[in-house]
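The lines below spell out each chain.
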Amino acid sequence: MSDLMREPAAVPGEQEGTAGPARDPAAPAPLGVVRTPTGNAEVDARLERLADADHLPADGHIEVYEDVHGGLRDALTALDARPAPAPVPAPMPSYNNRS
C-alpha cells in the first residue's frame, strides 16, 4: 500500500474486524456529574434540569443554564420574601421556689 492510501486508524475500544458505529467526538455526551439532592424540591428540580444540557450541542447549553439560574434566583428571592418566624417569648420566672 502506498503512502497516499493509508488504512484508517482503529477507533479505541473497537476490535479489528468488527463493524460498529463509531462515536462522533463532536456529538453531545453526558458528563456523568452527580447531583446531590438539597432537600428543597424546587431547587432539586432546577438542578435536575441541568441534565438536559447533556443531550444538547454546546450552543444549546446557554438556554438551559439561563433557565436554571433564573429558577434558583427566584427560589432565593422567595426565601427573602417569607416572613421571619415570630420570636418565642422567654419563659416567665417561677416564684414558687421562695426560700
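So, here is what we can say about the structure in this document. (Residues numbered from 1 in each chain as written. Predicted model: local features only at pLDDT ≥ 70, side-chain atom pairs only at ≥ 80, totals over all residues. Heavy atoms only, no water.)

Here's the deal with the layout of surface pockets
The criterion, for reference: A 1.4 Å probe that fits into a set of points on a 1 Å grid over the protein atoms alone but cannot get out defines a cavity; an open set with protein on both sides within 12 Å along at least five of seven lines defines a pocket, and lining residues are those with an atom within 4 Å of a point. Grid points are joined across faces, edges and corners, and a volume is the space filled by probe spheres set on the points. Any residue outside Ala, Val, Leu, Ile, Met, Phe, Trp, Tyr, Cys, Pro, Asp, Glu, Lys and Arg is labelled polar, Gly included; the first ten of those are nonpolar and the last four are charged.
As a volume, the largest pocket reaches approximately 190 Å³. Grouping the amino acids of the lining of the largest pocket by side-chain chemistry returns 10 nonpolar, 1 polar and 2 charged.

So, helix H2 (residues 58–81)
Inclusion rule: By definition, any uninterrupted DSSP run of H or I lasting at least four residues is a helix, any uninterrupted run of E lasting at least two residues is a strand, and each is numbered from the N terminus. Here a helix's expected span is defined as the number of its residues, less one, multiplied by 1.5 Å. Each residue gets one of three labels from its accessible area relative to the maximum for its type: buried under 20%, exposed over 50%, partly exposed in between, using a 1.4 Å probe on protein chains only. In this description, contact between two residues means that some pair of their heavy atoms is separated by no more than 4.5 Å.
The end-to-end C-alpha distance of H2 is 35 Å, a good match for the 34 Å that 24 residues give at a rise of 1.5 Å each. Turning to H2, its buried residues number three or more, namely Gly60, Val64, Val68, Gly70, Gly71 and Ala75. Next to the buried residues of H2 lie helix H1 (41–49).

Thoughts on the packing of H1 against H2
Convention followed: Throughout, an axis means a line fitted to C-alpha atoms (over the contacting stretch in the case of helices), and angles, computed between N-to-C directions, take values from 0 to 180 degrees. Reported orientations rely on four angle classes, namely roughly parallel under 35 degrees, roughly antiparallel over 145, roughly perpendicular from 65 to 115, and oblique for the rest.
Contact geometry for H1 and H2: axes closest at 9 Å, N-to-C directions at 170°. When the interaxial angle is binned, H1 and H2 end up roughly antiparallel. Residue-level inspection shows Glu42, Val43, Arg46, Leu47 and Arg49 of H1 in contact with H2, the latter providing Val64, Asp67, Val68, Gly71, Leu72 and Ala75. In terms of residue class, the contact of H1 with H2 is built from 6 nonpolar, 1 polar and 4 charged.

Here's the deal with the pattern of salt bridges
Basically, it comes down to this: Throughout this description, the term salt bridge denotes a Lys or Arg side-chain nitrogen within 4 Å of a carboxyl oxygen of Asp or Glu.
Inspection of the entire model under this criterion finds 3 salt bridges. The closest approach of N and O atoms between Asp52 and Arg49, which form a salt bridge, is 2.7 Å. Its relative accessible area of 23% is what places Arg49 among the partly exposed residues. Put simply, Asp67 and Arg49 hold a salt bridge, and the shortest N to O gap is 2.7 Å. Here the residue Asp67 occupies a position in helix H2, and Arg49 occupies one in helix H1, the gap between them amounting to 18 residues. If you follow the salt bridges from partner to partner, you end up with Arg46, Arg49, Asp52 and Asp67 in one network.

Some thoughts on the environment of Asp54
The residue Asp54 is located in the loop between H1 and H2 in this model. A C-alpha to C-alpha distance of 4.5 Å links Asp54 and Pro30, two positions 24 residues apart in sequence. Excluding its chain neighbours within four sequence positions, the residues that come into contact with Asp54 are Pro28, Ala29, Pro30, Leu31 and Arg35.

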